[in-house]
Structure formats: structure tokens, C-alpha cells
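Next come the chains, spelled out residue by residue.
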Amino acid sequence: MASELRVDKIIPTSGVATNGSGGLVQTKFSQIRRSSASTTSTSFVDTGIQCSITPKFVTSKIIISINSYYWMQSDSESDYCIATIYRDSTNLGDGNLGSNATSGTGSSSNGSMQYYPAANPIASYNNGFSFEFVDQAHNSTSELTYKLYVRCSQSGTQLWYGWPGQVSTMRLQELSA
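Rules behind the numbers
Residues numbered from 1 in each chain as written. Predicted model: local features only at pLDDT ≥ 70, side-chain atom pairs only at ≥ 80, totals over all residues. Heavy atoms only, no water. Helix = DSSP H or I, 4+ residues; strand = E, 2+ residues; numbered from the N terminus. Buried < 20%, exposed > 50% of the residue type's maximum accessible area, 1.4 Å probe, protein only. Pairing = 2+ DSSP bridges. Polar contact = N/O pair within 3.5 Å; in protein donor to acceptor, adjacent residues only side chain to side chain. Contact = heavy atoms within 4.5 Å.

Asker: Which parts of the structure should I look at to understand the overall build of the protein?
Answerer: If you tally the helices and strands in the protein, you get zero helices and 11 strands. Listed N to C, the secondary structure of the protein is β-β-β-β-β-β-β-β-β-β-β in terms of helices and strands. Residue burial in the protein is summarised as follows: out of 177 residues, 41% are buried.

Encoded structure:
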């Protein structure tokens, strides 16, 4: 006899901790293997790495996990790959993170989440990078699409964000609040 358990939420008996979450509601995953792609832009460009999820609850948190690659054409210590995540048309790295901030008072005037260097000894080499972000301000039960965007830190350099044969991934996990 097969058994099946279905629930809407799992909440610890002691309640949900401040800035914590209940249980895993769903996971979505995407991966892309692309031909080479690059930019010289100092404005964010869509890398093609994206994943969509339809949250079950407006109060849930979405953990976005990114794993990708880059390399810079230059070896200047002032050149960086700058990365951020967009939710639909909203840059989640903009300003002080709004209601996604859990502590701290800093803000980003560059609309970014991460900086990755070009300087030696990693210049002109393919470098992997990974980061996570928690979106706790989506307020939606409609489909949301998250995308990785990158840009050059300054004009006059070239950023490669795709290379033949390499796989980039994005994972979305909804946690009940």
C-alpha cells in the first residue's frame, strides 16, 4: 500500500524564528550550456540564465542560487564583472535592498550584488562564481522570473559570461514564512 502526505505548510512547533522560515515548499531549477557570449557594456545585460517559479504564498521567501562563469579580456585591477539578479523587470540589487534587507544600512549606487575581479593572476582565465540571494519581498502568487544580469565596471574592457561547453545554473527554492 502506498502512502502519501500532502500539506500546505510545515511550521516548527516552536514557531518560525525572526527572519527565519518554515519548510521547503517547492524547488525549480534551470541550466544552460551556451556558445560564447560577451559584452563591453557598463549597463546590465541579460545573460540568458533564468528560472521561473509561481509562489504558493505571498509571505514566502524565495532563495535564488546562481552558479556561472566569467572572464575579463583585461588584467587591470580596476576591471570587474558586476552581477545582479532581476525579478521580472526589478533589479533586486538596487539601492538598499528595500524590504529584502534584514540588517545593515549600506546601499549600492551601482545596482549590484556582487563584484568579481579581472586582475592578475586570474585575468584572461575562466572563473566560476556562485552566490545566493533571498527575495522576501515578492508579495506574489503569480509566476515570477528571475534572471542573472552582468556588466563591465568601466568602459574599454570586455566581459565574457558564456563559454562553449560550460553549464551555468539557477535554482529557486520557496520557503514558507
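That shown, we press on.
Asker: Can you walk me through the pairing of strand S10 (residues 159-162) in this structure?
Answerer: Along any regular strand the residues' side chains alternate between the sheet's two faces. Relative to S10, strand S2 (residues 37-39) is paired through three bridges, and the arrangement is antiparallel. Along S10, the bridge assignment pairs Thr 39 with Leu 159. Across two bridges, the pairing between strand S4 (residues 61-72) and S10 is antiparallel. Across the sheet, Trp 71 pairs through a bridge with Trp 160, a residue of S10.

Asker: Explanation requested: the side chain of Ser 60 in the structure shown.
Answerer: Along the chain, Ser 60 turns up in the loop between strand S3 (45-53) and S4. Classification of Ser 60 as buried rests on a relative accessible area of 0%. A distance of 2.9 Å separates a polar atom in the side chain of Ser 60 from the backbone oxygen of Phe 57. In this structure Ser 60 touches Pro 55, Asp 135, Gln 136, His 138, Glu 174, Leu 175, Ser 176 and Ala 177, once residues within four positions along its chain are discounted.

Taken by themselves, the reported measurements are silent on function.
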